[in-house]
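An overview of the molecular structure
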Amino acid sequence: MAALIGRDLLSLADFSPMEVQELLQLATQLKSQQLKLQCNKVLGLLFSKASTRTRVSFTVAMYQLGGQVIDLNPNVTQVSRGEPLQDTARVLDRYLDILAIRTFAQQDLETFAHYAKIPVINALTDAEHPCQVLADLLTIQESFNTLTGLTLTYVGDGNNMANSLMLGCALVGMNVRIATPSGYEPDSKIVEQARAIANHKTEVLVTHDPELAAKGSTVLYTDVWASMGQEAEADNRMPIFQPYQISEQLLSLAQPEAIVLHCLPAHRGEEITEAVIEGSQSRVWEQAENRLHAQKALLASILGAE
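We now turn to the structure provided with this report. (Residues numbered from 1 in each chain as written. Predicted model: local features only at pLDDT ≥ 70, side-chain atom pairs only at ≥ 80, totals over all residues. Heavy atoms only, no water.)

**So, the packing of aromatic side chains**
In this structure the tally under the stated criterion is four aromatic pairs. Ring geometry for Tyr-154 against Tyr-221: centres 6.0 Å apart, planes inclined by 40 degrees, an arrangement best described as tilted. With a gap of 67 residues between them, Tyr-154 in strand β5 (residues 151–155) and Tyr-221 in strand β8 (residues 219–222) connect regions that are remote in the sequence. Of the two residues, Tyr-154 and Tyr-221, neither departs from the other in class, the shared state being buried. With centroids separated by 4.9 Å and ring planes inclined at 65 degrees, the aromatic side chains of Tyr-184 and Phe-241 adopt a geometry described as edge-to-face. Note that Tyr-184 is positioned in the loop between β6 (175–179) and α7 (188–198) and Phe-241 in helix α9 (residues 234–241), a separation of 57 residues in sequence. (Phe/Tyr/Trp six-rings, centres within 6.5 Å; stacked < 30°, edge-to-face > 60°. Helix = DSSP H or I, 4+ residues; strand = E, 2+ residues; numbered from the N terminus. Buried < 20%, exposed > 50% of the residue type's maximum accessible area, 1.4 Å probe, protein only.)

Structural data, given as structure tokens:
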């Protein structure tokens, strides 16, 4: 994975199909302990949004590689007092080996990456969540021993997860269908970007019909109907999104061997039913665990662990 040393991950589109496949292979080897890597480096976590899985999985991954982690909560740094992002970026560049940022605006992430020479990882923005999708692809691959030709259907809000899933699926040769209510479609530029990556070899479909999207799918995927920063809209969104719930009935339209994924946290009874998330076709907990393994592979590759 020498090609990834020193690289940023701001969007999944930053990586080639081969690089994604090699990351997944490395994650599999690290998870099974066929391979052990060491990397005595320091990772900074600059998180402006709440986090459980992303924060803990990055921290444990770096510790398991033999590195150190500094939690840079904006509330205890000068970022909260208005220090310009470019100033913070240039200072942290002199202390850290790599920085993972979880924030709202993609532009803020790109500003950090522009001014910092160290690698910068997108640990979630309003535009994308690439690290989650690496874990998702690893989970799907474990379930079916392949990714090529499978169909993933995402139902719900056309948010950062929908955006990154389109890119990730296109990169690994999967079909992807995004079903959202009218007015809640994913970013049209990212739709076109995913279609360009797919290059007519696989399908990138955006529809308002969840049943059409779910029919014959191999993977059903959902996320909360109101993301962080949209809490005030939650009550208004509820009736609009109700037809986009992953229920037993929607799951019955997918392939019999289909699996269900959710990036968590889940609101049972809203975007997914209790029976489905706790059912035999759910791979949600394996998916959550795989955040650790996928990110360990990512860190090891970017930092050149040996």
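**Let's talk about the packing of helix α2 (residues 53–64) against helix α12 (residues 284–303)**
The contact between α2 and α12 brings their axes to 8 Å, and the two run at 50 degrees. By the angle between their axes, α2 is oblique relative to α12. The chirality of how α2 crosses α12 is right-handed. On α12, the residues touching Arg-53, Thr-54, Ser-57, Phe-58, Val-60, Ala-61, Met-62 and Gln-64 of α2 are Ala-288, Arg-291, Leu-292, Gln-295, Lys-296, Leu-299 and Leu-303. Taken together, the residues that form the contact of α2 with α12 break down as eight nonpolar, four polar and three charged. (Axes fitted to C-alpha atoms, helices over the stretch in contact; angles between N-to-C directions. Parallel < 35°, antiparallel > 145°, perpendicular 65-115°, else oblique. Left-handed = near helix turned anticlockwise from the far one by under 90°. Contact = heavy atoms within 4.5 Å. Nonpolar A, V, L, I, M, F, W, Y, C, P; charged D, E, K, R; others polar.)

**Focus on the sheet that holds strand β2 (residues 68–71)**
Strand order in the open sheet formed by four strands is β2-β1-β3-β4, with parallel pairing between adjacent strands. Because the sheet does not close on itself, it has two edges, and the strands there are β2 and β4 (120–122). Within the sheet, the average angular offset between the axes of one strand and its neighbour, ignoring direction, is 25 degrees. Across five bridges, the pairing between strand β1 (residues 42–47) and strand β3 (residues 98–102) is parallel. Each bridged residue has a counterpart across the sheet, and for Phe-47 the counterpart in β3 is Arg-102. Running at roughly 175 degrees to β1, α2 makes contact with β1, β2, β3 and β4 of the sheet. Where helix α4 (residues 106–115) meets the sheet, its contacts fall on β1, β3 and β4, and the angle it forms with β4 comes to roughly 165 degrees. (Pairing = 2+ DSSP bridges.)

**Considerations on the nonpolar core**
In terms of nonpolar packing, the biggest core is built from 67 residues, with Ile-140 and Leu-152 touching the most fellow members. Top contributing element to this core by residue count: helix α6 (residues 160–172), with nine residues. Excluding residues that lie within four positions of it along the chain, Leu-152 makes contacts with Ile-140, Leu-165, Cys-169, Met-174, Asn-175, Val-176, Arg-177, Val-219 and Tyr-221. One finds Ala-254, Val-260, Ala-266 and Val-276 within the second-largest nonpolar core, a separate group that totals 18 residues. (Core = buried A, V, L, I, M, F, W, Y, C linked by side-chain atoms within 4.5 Å.)

**Points about α12**
When the terminal C-alpha atoms of α12 are compared, their 29 Å separation across 20 residues agrees well with the 28 Å that a helix rising 1.5 Å per residue should span. Most pronounced at Asn-290, the bend in α12 amounts to some 30 degrees. Residue Gly-304 follows α12 closely and has a positive phi angle near 70 degrees. (Expected span 1.5 Å × (residues − 1). Bend = angle between axes of the 7 residues up to and from the residue.)

**Considerations on helix α1 (residues 17–31)**
The terminal C-alpha atoms of α1 lie 21 Å apart, and with 15 residues this matches the ideal 21 Å at 1.5 Å per residue to within 8%. When α1 is considered as a whole, its buried residues turn out to be Glu-19, Val-20, Leu-23, Leu-24, Leu-26, Ala-27 and Leu-30. Down the axis, α1 shows its buried residues gathered within 165 degrees of arc, on one side only. The inward-facing, buried residues of α1 abut α5 (130–144), α6 and α12. The first or second residue beyond α1 is Gln-33, which carries a positive phi of 65 degrees. (Arc of directions from axis to C-beta.)

**Some points on the sheet that holds strand β9 (residues 259–262)**
Strand order in this open sheet of five strands is β7-β6-β5-β8-β9, and the pairing throughout is parallel. Strands with a single pairing partner mark the edges of an open sheet, and in this sheet they are β7 (204–207) and β9. When the angles between neighbouring strand axes are averaged without regard to direction, this sheet yields 20 degrees. Judged from the four bridges that link them, β5 and β8 form a sheet pairing that is parallel. Residue pairing for β8: Leu-152 is matched across the bridge by Val-219. Here α5 sits on the sheet in contact with β5, β8 and β9, set at roughly 165 degrees to β9.

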